[in-house]
Amino acid sequence: MDVHELTAGYALDALDAHERARYEEHLSSCEACREELEGFWSVSGSLAVAAGGPAPPARLRERILEQARSERPNVVPLRPRRLRPRVLSAVAGAAAVAALGLGLWANSLSGDLDAAEERLAILSDPNARIVETANGEAQLVVAPTGKAALVVRKLAPAPAGKDYELWVFENGVAKPAGVFEEPGIALLSRRIDPGQTVAVTLERDGGVNAPTGAPLFTATT
Amino acid sequence: MRRRDLAHLSDEALVALVSRSEESALGELYDRIGGVAYGVAYRVLRDEALAEDAVQEAFLGLWRSAGSFVPERAKASTWILTLVHRRAVDLVRREQRRRTEPLDGAPEPADGSAEEAAWLRLERERVQAALASLPDQQREAIELAYYGGYTQSQLAERLGEPLGTIKSRMFAGLSRLRELLAEGTETSAWTYTS
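Rules and cut-offs
- Residues numbered from 1 in each chain as written.
- Chains lettered and ligands numbered in written order.
- Predicted model: local features only at pLDDT ≥ 70, side-chain atom pairs only at ≥ 80, totals over all residues.
- Helix = DSSP H or I, 4+ residues; strand = E, 2+ residues; numbered from the N terminus.
- Contact = placed C-beta atoms within 7 Å.
- pLDDT = per-residue confidence, 0-100.
- Pairing = 2+ DSSP bridges.
- Axes fitted to C-alpha atoms, helices over the stretch in contact; angles between N-to-C directions.
- Expected span 1.5 Å × (residues − 1).
- Buried ≥ 20, exposed ≤ 12 C-beta atoms within 10 Å, placed from the backbone.

Trainee: I'm lost on the overall build of chain B in this one. Help?
Mentor: Within chain B, the secondary structure is distributed over 9 helices and 0 strands. Starting at the N terminus, the α and β elements of chain B follow one another as α-α-α-α-α-α-α-α-α. Here the analysis covers contacts within chain B between residues at least 6 apart in sequence; of these, 66% occur between residues at least 24 apart.

Trainee: Is there a simple way to explain the confidence of the model for chain A in this structure?
Mentor: Parts of the model with low pLDDT should not have their predicted coordinates read in detail. Of all residues in chain A, 79% attain a pLDDT of 70 or more, and the chain-wide mean is 77. Here helix H5 (residues 94-100) of chain A is the element of chain A with the lowest mean pLDDT, 32, and helix H1 (residues 7-11) of chain A is the one with the highest, 96.

Trainee: Sorry, what's going on with the sheet that holds strand S6 (residues 184-187) of chain A here?
Mentor: By way of backbone hydrogen bonds, the strands of a sheet pair with one another, either parallel or antiparallel. Residues and elements named next belong to chain A. Taken together, the 4 strands give an open sheet; going across it, the order is S1-S2-S3-S6, and neighbouring strands pair in antiparallel fashion. What marks the edges here is a single partner per strand, and that holds for strand S1 (129-132) and S6. The mean inter-strand angle of the sheet, taken between neighbouring strand axes irrespective of direction, is 20°. Strand direction decides the pairing type here: strand S2 (residues 138-142) and strand S3 (residues 148-152), joined by 5 bridges, are antiparallel. Each bridged residue has a counterpart across the sheet, and for Gln139 the counterpart in S3 is Val151.

Trainee: Can you walk me through helix H4 (residues 48-65) of chain B in this structure?
Mentor: Three or four residues apart is the spacing at which side chains of an α-helix point the same way, because the helix has 3.6 residues per turn. Its 18 residues place the ends of H4(B) 26 Å apart at the C-alpha level, agreeing with the 26 Å of an ideal helix rising 1.5 Å per residue. Those residues of H4(B) that fall on the buried side of the exposure criterion are Leu50(B), Ala51(B), Glu52(B), Ala54(B), Val55(B), Gln56(B), Ala58(B), Phe59(B), Leu62(B) and Trp63(B). Turning to H4(B), the residues buried within the fold contact helix H4 (59-71) of chain A together with helix H2 (11-18), helix H3 (23-45) and helix H5 (76-95) of chain B.

Trainee: Got a minute to help me understand unusual backbone geometry in this structure?
Mentor: Only a minority of non-glycine residues have a phi that is not negative, and only a minority of peptide bonds are not trans. Residue and element names in this part refer to chain A. Positive phi, normally seen in glycine, also occurs at Asp13, with a value near 55°. Here Asp13 is to be found in the loop between H1 and helix H2 (17-27). For Asn171, which is not glycine, the phi dihedral falls at a positive 50°. Turning to its location among the elements, Asn171 is positioned in the loop between strand S4 (162-170) and strand S5 (173-180). Take Asn171: there are 6 C-beta atoms within 10 Å of it, and that puts it in the exposed class.

Trainee: What is the right way to look at the sheet that holds S5(A) in this model?
Mentor: Residue and element names in this part refer to chain A. Here 4 strands make up an open sheet; going across it, the order is S5-S4-S7-S8 and the pairing antiparallel. In the strand order of this sheet, the two ends are held by S5 and strand S8 (217-220), each with one partner. Direction aside, the axes of adjacent strands within the sheet are offset by 30° on average. Where strand S7 (residues 197-204) and S8 come together, 4 bridges link them in antiparallel fashion.

Trainee: Just checking my understanding: could you explain the environment of Pro56(A) for this structure?
Mentor: Its location among the elements puts Pro56(A) in the loop between helix H3 (31-49) and H4. With 24 C-beta atoms packed within 10 Å, Pro56(A) lands in the buried category. Leave out the neighbours within four places in its chain, and Pro56(A) touches Gly34(B), Gly35(B), Tyr38(B) and Val55(B).

So, in structure tokens, the structure goes:
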């Protein structure tokens with residue numbers, strides 16, 4: 001049986017445990033199935049809405065929160081702060097998600113709590129401006145403070161030994177603004193003024209001081 | 001964090017907060033999604049206690065693992081409902097409850113309607129209308145699978161059809177629903193209650 005054919009059954013939870021495991025393994029290496037599943041999942045979400053059914057008993061909310069409280073860790077683990085803005089495979093606020101049209105969620109926020117908080121603040125700022133890049137594959141979200149994040153929708157992960165580097169043009173000169181490795185949400189290390197251009201190039205691991213190649217994409221605020 | 005502060009956040013931002021053990025964010029997500037979650041769990045399980053268990057386990061799963069989400073591509077609300085539905089299906093298969101019970105249509109919501117946002121009611125009607133417009137065999141396959149908790153192999157046996165036929169019906173039905181539901185609304189705003 002062709003494993004691609006399991007997408008509909010997977011989205012409907014109609015696979016047995018064995019088929020489910022097999023499909024999930026396949027999913028990790030099949031972009032076409034992931035895309036198809038994305039569409040089917042939104043349908044199954046709609047089927048959930050259409051289910052009807054009675055309202056939950058009021059005690060359920062408290063039951064859940066009580067249990068959560070009892071499992072709550074006393075200390076949120078803090079890890080050593082990273083020097084470069086590492087892209088998380090996604091925090092997303094109202095602005096970014098509405099703009100993205102596809103869901104991204106927190107992959108890991110434990111790496112750098114301050115950066116995560118900043119991303120959250122930018123993306124959920126109702127007054128943030130959103131600029132599409134020229135190729136339509138990323139969006140720049142700029143908070144009124146000038147803090148900005150680039151939401152990269154489609155991009156192959158950087159090859160070994162390489163990073164994507166962010167640039168902000170100041171008076172025609174490209175200033176480095178951080179590196180990232182894969183699609184997701186990258187926080188810019190420089191503030192953006194209206195009219196400035198942001199670009200991304202592929203550079204050697206860790207980034208360089210001046211761009212060496214043509215920009216992969218650009219956005220002008 | 002105060003509820004007022006959470007109201008303007010997206011579901012995805014709330015999930016990010018949940019991953020940092022922000023309890024009020026979990027409560028806010030429950031307030032947004034818990035009703036639909038319980039509704040679908042009840043539809044599958046036909047039992048209040050089991051439906052509560054399914055919802056509770058799914059939300060606690062979210063609480064424990066929000067920080068390690070695999071970024072597959074769905075909205076946070078869809079992802080949470082997927083957790084709930086899967087849990088419900090696993091429970092129903094274990095309980096084998098529905099084997100002896102008729103599978104009727106969507107029950108009328110009991111007393112949630114008064115509080116329920118009008119657009120949620122509209123969205124439900126829209127999806128039900130889309131389902132109703134499918135060819136009977138496709139609708140049957142989707143309803144038995146999603147609301148009945150049957151595996152595709154069990155469906156093939158129950159309906160006396162080859163497995164390939166069942167898979168084709170589910171695929172065709174979901175594809176058609178995707179088209180029908182994409183018309184008109186680009187964003188389903190039902191989780192944004194602020």
